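Per-entry structural report
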Amino acid sequence: MPEKQNRRSALKNLLAGTAALGASSMIPALASEASENSSTVKFKGNINHSVCQWCYNFITLEELCKAVKKIGFGAIDLLGPKDWPMIQQYGLFSSMCYHGGKGSLTNGFNNKEYHEQLIKDYTEVIPLMVKAGYKNVICFSGSRNGMDDETGLKNCVEGLQKILPLAEKNGIIVQMELLNSRVDHKDYMCDRTPWGVELCKRIGSENFKLLYDIYHMQIDEGDVIRTIKNNHQYIGHYHTGGVPGRHEINDSQELYYPAIMKAILDTGFKDYVAQEFIPTGQDSKDKIASLKQAIKICDI
């Protein structure tokens, strides 16, 4: 799948480079409005909006910063330390950070073989995050490679407990992303909310949460709104994406994002929702218009 290749490639390149609303009838109208880029969006102030940088790698980070400022929100997701100076120039926030060392979606905390390197990477990035004023850093379970759920849970707890005291001391939240293993990330272990919630319970720290990717969990679980309502205390961040295909979140796909955003808001969530869809427009202007449209759809 394109998403699998693009995101893994973007993550690999980033880590290697650093030592670093309404009724459905309203959505077509939003698409038309999104094409008008002469002014910023007038936000309601209920949702903190962000966007994942890797989905816009057809433009430079600086160009994305300018587009984000023009639309009128204030954060970009999935950036490592080498990219923070650029977003800081534009007064933007790194709403979900990568560490600056080696890493991948497949080599994660469920495998003790990677603990030493992961502990080093996270203990190095946390002080940098504190200095920059950021608070969220992503982590991954890794692939199963024949490992059973219980062993994976125990290994994740063991590894994460080595970095959480530092995170707790500095107000940093380590967030493990839920990814689907059916389509995009075959064999990924943290592919169901119950597994992730069990990990949160065993760790027992407010500084460890789940990054709930709506696209991924629609594929592997469905029942998105009920899951969010029942498990919101374990969720620290959200990603969007249209199903199927991880494209625009308009009426071309099966999820109704205004209702999902309302459910998130009803839980009392006050952190960030980041757009993580791959735009399908013919050129950069069309693709940025899709981002503006998505932000407006989610601004309930």
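These figures come from a predicted structure and were not determined experimentally. (Residues numbered from 1 in each chain as written. Predicted model: local features only at pLDDT ≥ 70, side-chain atom pairs only at ≥ 80, totals over all residues. Heavy atoms only, no water.)

**Section: unusual backbone geometry**
In the segment running from Val-243 into Pro-244, the intervening peptide bond is cis, with an omega of 0°. Positive phi, normally seen in glycine, also occurs at Leu-78, with a value near 65°. As for its placement among the helices and strands, Leu-78 is situated in strand S2 (residues 75-79). By relative accessible area, Leu-78 is classed as buried at 1%. Of note, Asp-187 is a non-glycine position whose phi angle comes to about 80°, a positive value. Within the secondary structure, Asp-187 sits in the loop between strand S5 (173-177) and helix H8 (193-203). (Helix = DSSP H or I, 4+ residues; strand = E, 2+ residues; numbered from the N terminus. Buried < 20%, exposed > 50% of the residue type's maximum accessible area, 1.4 Å probe, protein only.)

**A closer look at the state of the cysteines**
Summed over the entire model, instances satisfying the criterion amount to zero disulfides. Cys-52 takes part in no disulfide bond, and the closest cysteine sulfur to it belongs to Cys-55, at a distance of 5.5 Å. (Disulfide = S-S within 2.5 Å.)

**Regarding helix H12 (residues 284-298)**
The end-to-end C-alpha distance of H12, which contains 15 residues, comes to 21 Å, matching closely the 21 Å that a straight helix rising 1.5 Å per residue would cover. The opening residue of H12, the one whose side-chain oxygen lies 3.3 Å from the backbone nitrogen of Lys-285, is Asp-283. (Expected span 1.5 Å × (residues − 1). Polar contact = N/O pair within 3.5 Å; in protein donor to acceptor, adjacent residues only side chain to side chain.)

**Here we look at the pairing of strand S3 (residues 93-97)**
Across the five residues of S3, four count as buried, placing the element largely inside the fold. Two strands pair when backbone bridges link them, and S2 and S3 are joined in this way by four bridges, in the parallel orientation. Residue pairing in the sheet places Ala-75 in a bridge with Phe-93 of S3. Handedness of the β-α-β unit built from S2, helix H4 (residues 84-89) and S3 comes out right-handed. (Pairing = 2+ DSSP bridges. Right-handed = clockwise from strand over helix to strand, strands pointing away.)

**Comments concerning the confidence of the model for the protein**
Here the protein averages 91 in pLDDT, and 87% of its residues register 70 or above. Segment residues 16-38: pLDDT under 50, and 46 contacts once partners within four positions in sequence are set aside and those in other chains are kept. (pLDDT = per-residue confidence, 0-100. Contact = heavy atoms within 4.5 Å.)

**As for the pattern of salt bridges**
The tally for this structure, following the rule as stated, stands at 16 salt bridges. One salt bridge connects Glu-158 with Lys-112, and the closest N-O pair in it is separated by 3.3 Å. Remark: Lys-112 occurs in the loop between S3 and helix H5 (115-132) and Glu-158 occurs in helix H6 (residues 149-160); sequence separation between them is 46 residues. When its relative accessible area of 32% is taken as the criterion, Glu-158 is described as partly exposed. For the salt bridge of Glu-150 with Arg-202, the shortest nitrogen-to-oxygen distance reads 2.8 Å. One end of the pair, Glu-150, is in helix H6; the other, Arg-202, is in helix H8, with 52 residues separating them in the sequence. Glu-150 sits in the partly exposed class, given a relative accessible area of 31%. Looking at Arg-202, the relative accessible area reads 32%, which means it is partly exposed. Each of Arg-144, Asp-149, Asp-191, Arg-192 and Asp-220 takes part in a single network of salt bridges with overlapping partners. (Salt bridge = Lys/Arg side-chain N within 4 Å of Asp/Glu carboxyl O.)

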